[in-house]
Amino acid sequence: MSSAKIEFDVQMSCQNCVDAIEKVLNKTEGINHFEISLKQGSVIVDTNLPFSQVQETIETTGRKAVLKGYGENDVSAVSMLGGNSGYSYGENIKGVVRFVQTKEGCLVDGTIDGLSTGPHGLHVHECGDISKGCESVGDHFNPNNTQHGGPDDLPSKRHVGDLGNINADNDGRATFRLVDKLLNVHDIIGRSLVVTEKADNLGRGDTIASKIDGDSGKRLACGIIARSSGLFQNVKKICACSGLTLWDERDKSVSDQKSGIPPTTNNSVCIIF
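Quick caveat, the model's predicted, so the values are computed rather than measured. (Residues numbered from 1 in each chain as written. Predicted model: local features only at pLDDT ≥ 70, side-chain atom pairs only at ≥ 80, totals over all residues. Heavy atoms only, no water.)

K.L.:
When you look at the confidence of the model for the protein in this model, what are you seeing that I'm missing?
P.N.:
Detailed reading of the predicted model is not advised wherever pLDDT is low. Per-residue pLDDT for the protein averages 85, and the proportion of residues at 70 or more is 82%. Across residues 231–249, where pLDDT falls below 50, the model places 51 contacts with residues more than four positions away in sequence or in other chains. This stretch, residues 257–273, has a pLDDT under 50; its non-local contacts, to residues over four places away or in other chains, come to 56 contacts. (pLDDT = per-residue confidence, 0-100. Contact = heavy atoms within 4.5 Å.)

K.L.:
Explain the nonpolar core here, please?
P.N.:
The tendency in soluble globular proteins is for nonpolar side chains to be buried side by side. Formed by 28 residues in total, the largest nonpolar core has its most connected members in Phe99, Ile112, Leu115, Phe176, Leu183, Leu193 and Val195. The residues contacting Leu183, other than those within four sequence positions of it, are Phe99, Gln101, Cys106, Val108, Val124, Val160, Leu163 and Ile188. Of all hydrophobic cores here, the second largest spans 25 residues; its members include Val10, Val54, Tyr70 and Leu107. (Core = buried A, V, L, I, M, F, W, Y, C linked by side-chain atoms within 4.5 Å. Buried < 20%, exposed > 50% of the residue type's maximum accessible area, 1.4 Å probe, protein only.)

K.L.:
Help me out: how do you make sense of helix α1 (residues 15–26) in this one?
P.N.:
An α-helix turns once every 3.6 residues. As a result, residues three or four positions apart point the same way. Between its terminal C-alpha atoms α1 stretches 16 Å, which fits the 16 Å expected from twelve residues at 1.5 Å a residue. Lining the buried residues of α1 we find β1 (4–10), β2 (31–37), β3 (42–47) and α2 (51–59). (Helix = DSSP H or I, 4+ residues; strand = E, 2+ residues; numbered from the N terminus. Expected span 1.5 Å × (residues − 1).)

K.L.:
Looking at this structure, I do not really get the state of the cysteines. What am I missing?
P.N.:
Put plainly, a disulfide is one covalent bond tying together the sulfur atoms of two cysteines. Under the defined criterion, the tally for this structure stands at one disulfide. Each sulfur in the disulfide pair Cys134 and Cys222 lies 2.3 Å from the other. Disulfide Cys134-Cys222: torsion about the S-S bond near -100°, hence left-handed. Remark: Cys222 occurs in strand β14 (residues 219–227) and Cys134 occurs in strand β10 (residues 131–134); sequence separation between them is 88 residues. (Disulfide = S-S within 2.5 Å.)

Here you go:
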């Protein structure tokens, strides 16, 4: 699995904070290297783990962490599904998915909550128009005019936007990290990402729908794919959406989620744009 560098702003006040974070990262399998700067209040992690897992690991020390940059180049993007920035058929379905171009292909790293347990289709769609919900985002992104397939199929046997399935656990959370060799971040900025009600059969079914969208059912949630910051590109300390500091915005987001209020941000994505 391709590794990537992720930059977090972390609330640290003394060397004890650094030591605590260093201890948990050292014992976490899947973290290849990390750098901690008390002066800058930053933690940079080279990992093949999902960003949400690394963030949660850092926060087990009692220090707040906010993702600030992902990837070492300027080819990265993010999609917020549900909430006030995306669209979902149900207030509980929301998530953040990040895209980073690597030498191995497009790294797709995300967490989506509020799903039913089991597999769900994940696809990039051709349009970034969510004015009518997920019904106005068009068909799967398919510039080569091919039939629907799976991510492991030949380019002539799949849509570029065919990302296969993600799996939600018993709590309704799908955490995933995959590399797609056909997808390119430059080509999908301004388009949209959709998660579906049912599993994608990858075009292996006998129905017409199978050859179009994998017979994956209703579009549950969607979000526009927007450009985001790579490492050291985001110097903001104030959320552009709310005017709050990134720490206050993070606390507000967590509080809103516990209260069942759809947040304007999820994992403080608004400061990343």
